[in-house]
Each structure stands twice: as C-alpha cells, then as structure tokens.
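Residues per chain, in single letters:
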Amino acid sequence: MKTIDVETLTKMFLAGAKNLEAKKEWINELNVFPVPDGDTGTNMTLTIMSAASEVNNLPARTMESVAKAISSGSLRGARGNSGVILSQLLRGFTKGIRNYETLDTVIFANAFQKAVETAYKAVMKPKEGTILTVARGAADKAAELAQSEEDLEVFFREIIGEAEAVLLKTPELLPVLKEAGVVDSGGQGLVEVLKGAYDAFLGKEVDYTFEAPKAAPVKISPQTEADIKFGYCTEFIIMLDKEFPSETEHEFKQFLESIGDSIVCVADDDIVKIHVHTNHPGQAIEKALTYGSLSRLKIDNMREEHEEKLIKDASRIAARQAEEEAAKKAAQPRKEMGFISVSIGEGIGEIFRGLGVDYLIEGGQTMNPSTEDMLNAIEQVNADHIFILPNNKNIILAANQAQALCKDKDIIVVPTKTVPQGITAMINYIPYMSPQENEERMTAEIQNVKTGQVTYAVRDTHLDDKEIKEGDIMGIGDHSILSVGSGISDVTLDMLKELVDDDSELISIYYGEGVSEEDAEELGAKLGEVCPDCDIEVHFGGQPIYYYVVSVE
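Engineer: Any chance you could explain the packing of aromatic side chains here in plain terms?
Structural biologist: Given two aromatic rings, one states the distance between the centres and the angle between the planes to describe the pair. On inspection of all chains with the given rule, the structure shows 14 aromatic pairs. Relative to F156, the ring of F108 lies with its centre 5.1 Å away and its plane at 85 degrees, an arrangement referred to as edge-to-face. Of the two residues, F108 sits in helix α5 (residues 105–122) while F156 sits in helix α7 (residues 152–173), which places them 48 residues apart along the sequence. Given the relative accessible area of 3%, F108 is considered buried. F156 gets classed as buried once you look at its relative accessible area, which sits at 8%. Pairing F244 with Y291 gives two aromatic rings, centres 5.3 Å apart and planes at 80 degrees, and the pair type is edge-to-face. Here the residue F244 occupies a position in the loop between β1 (232–240) and α11 (246–259), and Y291 occupies one in the loop between α12 (281–289) and β4 (292–301), the gap between them amounting to 47 residues. In this structure F244 comes out as buried when scored by relative accessible area, which is 12%. Taking relative accessible area as the criterion, Y291 reaches 9% and is therefore assigned buried.

Quick look at the structure:
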C-alpha cells in the first residue's frame, strides 16, 4: 500500500492511543526513582486520550478536521512533561498532514520532521536520552526511507524498528537511566503509540471505543438534591462557522452565567468547548447554534438517582471553584496582579491562601494538572497579570503551554519545582514592584531553596550509589537520593544533614497526612539539637505519598 486516507489514519491514531493506555502501568514502573508516584504512562495516556475523544466524536472526518482534533485535544489535555512533549509532537505532525486527502511516505516523513521540530522548540533545555531522542531517531529514519521507499508497510515497520533501537540506547545517553536499569519511560510510551498504530494499519482487530467508567447507581439524598441548584449538566463543542472574537466569547459567557453556573468556555481556533450547569439546556444549545454546528452534545440530569456519584466526580473542579465564582460575582474590580498555585494537601493549601494566592489547582506528584486545568484557573482570576507557580518540575511545561494559549491576560510562569520554592516565591513578592521586577526577584529567590522529600520505595533498585529495597524509606533531594533506611525520622534527619551547610538559616518541615503532629514536633526538636544555629519551623502540610517535605534556606 502506497497511500492511506483519513479513515485509516483515524484508526491508526485511535489504536495507538489504545495501546498506550493498555501499557500505561508498565510505563509508570519505568520511572527512574522508585517512588509511588511514577506517572509518565498516566500523563501520556491522559494526554492522548483527550485527543482520541475529540477525534472519536467528530461529526464528519476530513484530514483537516482529524488533524485539528488531534492537535487541539492533546494540547489542552496535556499533563506532565511527557504529556506536553507528546502533545507538541502530535501538534507538529498534524501540521504536516492536514492539507492532504491521502498520505504517502514523503508526506509522513515531512510530518515526522515537523513533529520533532515543534517538540524540541517547546522544551527550553532539550535533554537527550528522552522521548525527544526517540522521536528524532524515528523522524530521521523516515526521512531516509522516503527517498526510495513507497511501501507504507515497510516504511512503518522500519521506523518502529529504529525507534526501538534508539530507545535501547537511552541508558547510554542518560547515566541515571543506566544506573536504574531502565530505558526512558517517555520514549517507551512513544514506541507503544507507534506499535499500536502499526497494528491498525496491518488490519489487526482493535477496540476503538473510548468510554468513561460509569458510576454505580446510588440513592440520592434529600440534602444533595436540595444542593443542586441547576439540574442539567450540559456539555458540547461548537464547530464555528463564523468569527468568534474575545468580545463575542465574553458575551456568550455572560449569557451562560445568566442561565446557570460552573461555566467553562474554552475557544481554540475553530472550535469552542462548553460546560454549564443549567435548568434550561435548550437555551444554551439554541444560543450556541448561532455560532456554528454542535458536536459531542451531552446532557445529564443531575437529580436522577443513578447520576449522583457521576455528577459529583464531574463537578469536583466546579465545587472547588465555588468560592472563586462567588468572589468574582461580588463586583470586585479587576486587579493588577493575581496568583495561581499548584498545591498538594490541605495544610499547604492554607499556607498558599494565607500568602495571597487567588486560585489553587489541586495536583502535584500524584496527579499533574493539564494545560486545560491551567486555562480554567486563569479564567477564574480577575487580574491583568497572573503569576503561575507550578511547584513541580513536571508541571512547568503545561504551565508554559497555558501561557502561550492565553491571549487576554499577561501570564508569568515562575519556574518553581517544589512546594517550598513556591512558598518562597510568594513570600518574596513585593506589591509596589512591576510584574517584570517581581518575576526576576521571585525567580532569583527560589534558587536559594533546597528541598527534600521523604517517601517509600516501590521496587528494588540501585541508584545514586545506594542499594534500595522495596519498602525502604528514602530521602530525596533536588537532584538525587540523599538517604535510605527503615525509619522515617532517621532518614529525614540524615537527609537534612546533607542539605544543611554553614550558610543555612531556616529549616521548614511540612508533615504529610500520614504523620502525627506529635511525631513532627519530635522531629523538629531533634533537628534543633543537630542544627542549633538554624531556626526550625514545623507546619501541617497534609500532602499524600510524602511523609515530610522540607526546605532549607
């Protein structure tokens, strides 16, 4: 076969997504650090499933509409570094195919090159030995083959073979992979997407359905029914047939607010994604039809008995936004500066609120927020300049992607890699300084923060010259594992001894949901004896997974 049409391409893409989903837990286990939050497989799967859902619900499929759905869906659903890079690969790839009715080896090769170029540009400091290296190896092989090979079966088979060969070399490019005895997890995820797509090309049977898990029926309580002010959860996508400028978008949002709440209105080129809770879904639909045709229309009766759990799950974000919605409607004037922070745990959330953060995105190590989560948060903060604190190195790219997509506000991403860095950034914000001056100041100050995190190992490994057994307690610094042992307190103290130096003045301890206040205070007292020249602060963090998060400044 020398060419494929849009239907074959669609099947290949959906099959690639399905294969990645099937392998996600295995990919999670390839995480270098043996911590209980390995998330590469999950992040990549959530990213590509967002795109797959967009594709699966297209009313009519053309190469252009499928390309748009893949690009838009993955871009907004991107989570974590691996998910953002995957979304950029897909975005670049779709640029190379969208203007054709059929695809041959030359078009595929050009699309692969665009994919790699786009992804490399999205990463400030590209690192070899990662998904980027695997993608580039596959793209280079495609360019080589396209010069003489017309048979797509041979073309795809050779590209996958090269991708696998490059993947096996990633431990030689990244010593930390070699020491841990694993290949790059993101690269493995990309290979699984390619393999799944190839299976569909060969005609192998693949289940192309993408269904969300259904909630079990439960008896709705009178209190819950009373709490539901608007009875119908209404969602759809508008396929625009006219211009939809920011003024029109604002007017439409105002209309939706007049008939409901929990509004989400996200415009992206020629589509608009809508979510609203209302008692009059027909009015929302009629108004939307004035802008274009509708797809993915879904209306749930929130008062029906079998829907209570489903609606609660679907509305968690809306519930967390209730306070912000109320504040926004209280006629507060638009302010100059606003703040968004990713937060983990009840205590840490309270600390950020106390420092002036307007909106908290629940997430972090155990669940990286998506680009769309960031955009929804930006929508809720009524300010001209908005600082975003990712507080995790695996969330910075998603924040940067949201920054690029936001057109009506000045978004400033302070590259905080840990919660303590985020807290330090907020402490060092000076109200009378300009946004640019504050960005420089906050970015500079977070460099003075050293962070340690204490958790448990989920597998045996050898890393950072330390032999680690499943169940061991580990103290992890900014760049390496600093201590290993069997006792939480002892490991934490050993870790802090590595972090503290002659210039250290302040040590902050944030204890997690599995640690008692008494144990945390006892640790603080012991630390005071070991580090008598440092001020010791103990705070309730409430974070999952990590017994302690500590900072040294």
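There is more to say after this.
Engineer: Before we go on, may I ask you to explain empty space enclosed by the protein in this structure?
Structural biologist: If a probe as big as a water molecule is rolled over the atoms, it shows which places are left empty. Within the structure shown, the criterion is met by 2 cavities of 30 Å³ or more. Roughly 490 Å³ of internal volume is contained in the largest cavity. For the largest cavity, the lining is made up of 25 residues, of which L90, F93, F112, V193 and L194 are closest to its centre. Elements supplying a minimum of two residues to the lining of the largest cavity: α1 (6–28), α4 (80–95), α5, α6 (131–146), α7 and α9 (185–201).

Engineer: Please explain the pattern of salt bridges as it appears in this structure.
Structural biologist: Two side chains with opposite charge may pair up if their charged atoms get near one another. Scanning the model with the defined rule gives 18 salt bridges in all. The shortest N-O distance in the salt bridge between K18 and E21 comes to 3.8 Å. With K18 and E21 both in helix α1 and 3 residues apart, this pair spans about one turn of that helix. Through salt bridges with shared partners, one network takes in E249, K253 and E379.

Engineer: How should I be thinking about helix α22 (residues 517–530) in this particular structure?
Structural biologist: A turn of α-helix holds 3.6 residues, and therefore any two residues three or four places apart point the same way. Between the first and last C-alpha of α22 there are 20 Å, a value that for 14 residues agrees with the 20 Å anticipated at 1.5 Å per step. Where α22 is buried, its residues touch α21 (488–499), β14 (506–511), β15 (535–540) and β16 (548–552).

Engineer: Looking at this structure, how should I read the packing of helix α3 (residues 63–77) against α4?
Structural biologist: The packing of two helices is summarised by the inter-axis angle and the distance between the axes. Here α3 crosses α4 at 160 degrees, and the two axes come no closer than 9 Å. Relative to α4, the element α3 is oriented roughly antiparallel. Judged by the sense of rotation from one axis to the other, the crossing of α3 with α4 is left-handed. Taking contact as the criterion, the partners of A67, I70, S71, S74 and L75 in α3 are, on α4, S87, Q88, L90, R91 and T94. Class assignment for the residues of the contact of α3 with α4 results in 4 nonpolar, 5 polar and 1 charged.

Engineer: Explain the nonpolar core here, please?
Structural biologist: As a rule of thumb, nonpolar side chains are buried together in soluble globular proteins. Residues F13, I97, F108 and F155 are the most contacted members of the largest nonpolar core, which totals 79 residues. Judged by nonpolar contacts, the second largest core, of 21 residues, contains V357, V414, Y429 and Y510.

Engineer: Explain a negative patch on the surface here, please?
Structural biologist: Where like charges cluster on the molecular surface, the negative patch consists of D502, D503, E505, D533, D535, E537 and E553. Examined against the element boundaries, E505 turns out to sit in the loop between α21 and β14. A relative accessible area of 56% means that E505 is categorised as exposed.

Engineer: Help me out: how do you make sense of the confidence of the model for the protein in this one?
Structural biologist: Low-confidence regions, as indicated by low pLDDT, have predicted coordinates that should not be scrutinised in detail. The share of residues in the protein with pLDDT of 70 or more is 87%, and the mean pLDDT across the chain is 84. Note on residues 211–227: pLDDT is under 50 here. Beyond four places in sequence and across chains, it has 19 contacts. Contacts of residues 305–315 to residues separated by more than four positions or lying in other chains number 21 contacts, the stretch itself having pLDDT below 50.

Conventions we followed
Residues numbered from 1 in each chain as written. Predicted model: local features only at pLDDT ≥ 70, side-chain atom pairs only at ≥ 80, totals over all residues. Heavy atoms only, no water. Phe/Tyr/Trp six-rings, centres within 6.5 Å; stacked < 30°, edge-to-face > 60°. Helix = DSSP H or I, 4+ residues; strand = E, 2+ residues; numbered from the N terminus. Buried < 20%, exposed > 50% of the residue type's maximum accessible area, 1.4 Å probe, protein only. 1 Å grid on protein atoms, 1.4 Å probe; cavity = no way out; pocket = protein on both sides within 12 Å on 5 of 7 lines; lining within 4 Å. Points joined across faces, edges and corners; volume = space filled by probe spheres on them. Salt bridge = Lys/Arg side-chain N within 4 Å of Asp/Glu carboxyl O. Expected span 1.5 Å × (residues − 1). Contact = heavy atoms within 4.5 Å. Axes fitted to C-alpha atoms, helices over the stretch in contact; angles between N-to-C directions. Parallel < 35°, antiparallel > 145°, perpendicular 65-115°, else oblique. Left-handed = near helix turned anticlockwise from the far one by under 90°. Nonpolar A, V, L, I, M, F, W, Y, C, P; charged D, E, K, R; others polar. Core = buried A, V, L, I, M, F, W, Y, C linked by side-chain atoms within 4.5 Å. Patch = residues over 30% accessible without salt bridge, like charges linked within 9 Å, V, L, I, M, F, W, Y side chains within 5 Å. Areas by Shrake-Rupley, 256 points an atom, 1.4 Å probe, with all protein chains shown as cover. Lys, Arg positive; Asp, Glu negative; His and termini not counted. Charge placed at Lys NZ, Arg CZ, Asp CG, Glu CD. pLDDT = per-residue confidence, 0-100.

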